[in-house]
Amino acid sequence: MSRTLKTVRDDRLEKRLVNLILTPTKLHELLCSHFGELHWWPHDACYHKDCGSDPRFEIMVGAILTQNTAWSNVEKALLNLKAAHLLEINSLAKVNLGKLTAAIRPSGYYNQKAARLKELSSYLLENYNGDLDLFFSKETPELREELLSLKGIGPETADSMLLYAGAHPIFVVDSYTKRICSRIPITKKTCLDYSCIQNHFQLQLSAHYSDQTELVSIYNSLHAEIVELSKQFCTKTKPLCADCPLSLVCKKIIN
DNA sequence: GTCCAGGGCCGTT
DNA sequence: AACGGCCATGGA
């Protein structure tokens, strides 16, 4: 086979591939039409109501508690914390470690997580006098670095806090998102690590939705949709491809 | 009984 | 840079 012929074939293949790549915008449209508009952080749960504290701090606490943990277990811990009036920066910063550990026990990894909550609340108290308005008013990249500098806060936890508590335009990548990206190619080159996926989603979506408030809303709902998709269809071991809202695109792209 | 869930840290290669 | 072990509960 001549070299030119091979190149032509490769070009065709490449063009086909480009057309078949699932963009984040398309993904959102497909999922949104199936699930409807979702907003992920469970703000309708009972511990959110009348707790007399800042819901933003509760979201930050939840972000730490849910690390590699089912949300149902996190709810129990949050209810315990609420009952003990610990969903507040000042009280959490000064509560004794044993009491805190006991309260968050149902969420698992309670020794680590207790230390992480202590670190977070102390940091906010000492550096911002517990003022979350002040804290979240900083620029996104700077804020992200600050959060990442705290022990126990990695990329996903930091980004969850930025998006869901601070309404900053940051797309959260979790194990579900990575799973979807490993099953449906979203770029020409392989893109599976945290920052590659995040950059790609943010670049593509921010070009498509220019309004910042709308962008925050899109990041929020798309993440929620990815979680639902993964839980209901694109499961870890035996995915239910037959009923999946992405089945047509997925088949087309992979085959 | 086994697997898994909205990670992240730390030590080793 | 990449990988493996570790942390721990509760529901399916």
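First, a word on what this report is: a plain description of the structure on this page. All values reported here derive from a predicted model rather than from experimental measurement.

Quick word on the protein's contact with DNA strand B
No. 1: By nearness alone, 24 residues border DNA strand B, and Trp40, Trp41, Asn68, Thr157 and Tyr176 come closest of all.
No. 2: When the atoms of DNA strand B within 4 Å of the protein are sorted by group, sugar and phosphate make up 65%.
No. 3: In the environment of DNA strand B, a base nitrogen lies 3.5 Å from a nitrogen or oxygen atom belonging to the backbone of Ala70.
No. 4: Broken down by secondary-structure element, the contributors of at least two residues to the surface near DNA strand B are α7 (110–128), α10 (155–165) and α11 (175–183).
No. 5: Here the residues of the surface near DNA strand B sort into eight nonpolar, 10 polar and six charged.

Quick notes on the protein's contact with DNA strand C
No. 1: The local shell around DNA strand C consists of Asn68, Asn73, Lys76, Arg105, Pro106, Gly108, Tyr109, Tyr110, Asn111 and Gln112.
No. 2: Each atom of DNA strand C within 4 Å of the protein was assigned to sugar, phosphate or base; sugar and phosphate come to 54%.
No. 3: Within the side chain of Lys76, one N or O atom sits 3.0 Å away from a phosphate oxygen of DNA strand C.
No. 4: In this structure, Gln112 approaches DNA strand C through a side-chain N or O atom, which is 3.3 Å from a base oxygen.
No. 5: Among the elements of the structure, α4 (71–83) and α7 are those that each provide at least two residues to the surface near DNA strand C.
No. 6: It is α7 that contributes the most residues to the surface near DNA strand C, three residues altogether.
No. 7: Residues belonging to the surface near DNA strand C are distributed by class as follows: three nonpolar, five polar and two charged.

Focus: the state of the cysteines
No. 1: A complete count under the given rule lists one disulfide for this structure.
No. 2: Just so you know, Cys234 is unpaired, no disulfide at all, and the nearest cysteine sulfur is the one on Cys244, 6.2 Å from it.
No. 3: In this structure Cys250 is a free cysteine whose sulfur lies 6.3 Å from that of Cys241, the closest cysteine sulfur available.

Structural notes on the pattern of salt bridges
No. 1: For the structure on display, the rule yields five salt bridges.
No. 2: Put simply, Glu142 and Lys138 hold a salt bridge, and the shortest N to O gap is 3.4 Å.
No. 3: Given a relative accessible area of 23%, Lys138 falls into the partly exposed group.
No. 4: As a salt-bridge pair, Glu146 and Lys138 come within 2.4 Å of each other at their nearest N and O atoms.

Let's talk about unusual backbone geometry
No. 1: Despite not being glycine, Asn68 has its phi angle at roughly 50°, a positive value.
No. 2: With respect to the helices and strands, the residue Asn68 is situated in the loop between α3 (55–65) and α4.
No. 3: Residue classification places Asn68 among the exposed residues on the basis of a relative accessible area of 69%.
No. 4: At Tyr109, a position not held by glycine, the phi torsion is positive, near 45°.

Things to note about the environment of Ile59
No. 1: As for its position among the elements, Ile59 is in helix α3.
No. 2: The buried category is assigned to Ile59, whose relative accessible area is 8%.

Each value, and the rule that gives it
- Residues numbered from 1 in each chain as written.
- Chains lettered and ligands numbered in written order.
- Predicted model: local features only at pLDDT ≥ 70, side-chain atom pairs only at ≥ 80, totals over all residues.
- Heavy atoms only, no water.
- Near = heavy atom within 4 Å.
- Polar contact = N/O pair within 3.5 Å; in protein donor to acceptor, adjacent residues only side chain to side chain.
- Helix = DSSP H or I, 4+ residues; strand = E, 2+ residues; numbered from the N terminus.
- Nonpolar A, V, L, I, M, F, W, Y, C, P; charged D, E, K, R; others polar.
- Disulfide = S-S within 2.5 Å.
- Salt bridge = Lys/Arg side-chain N within 4 Å of Asp/Glu carboxyl O.
- Buried < 20%, exposed > 50% of the residue type's maximum accessible area, 1.4 Å probe, protein only.

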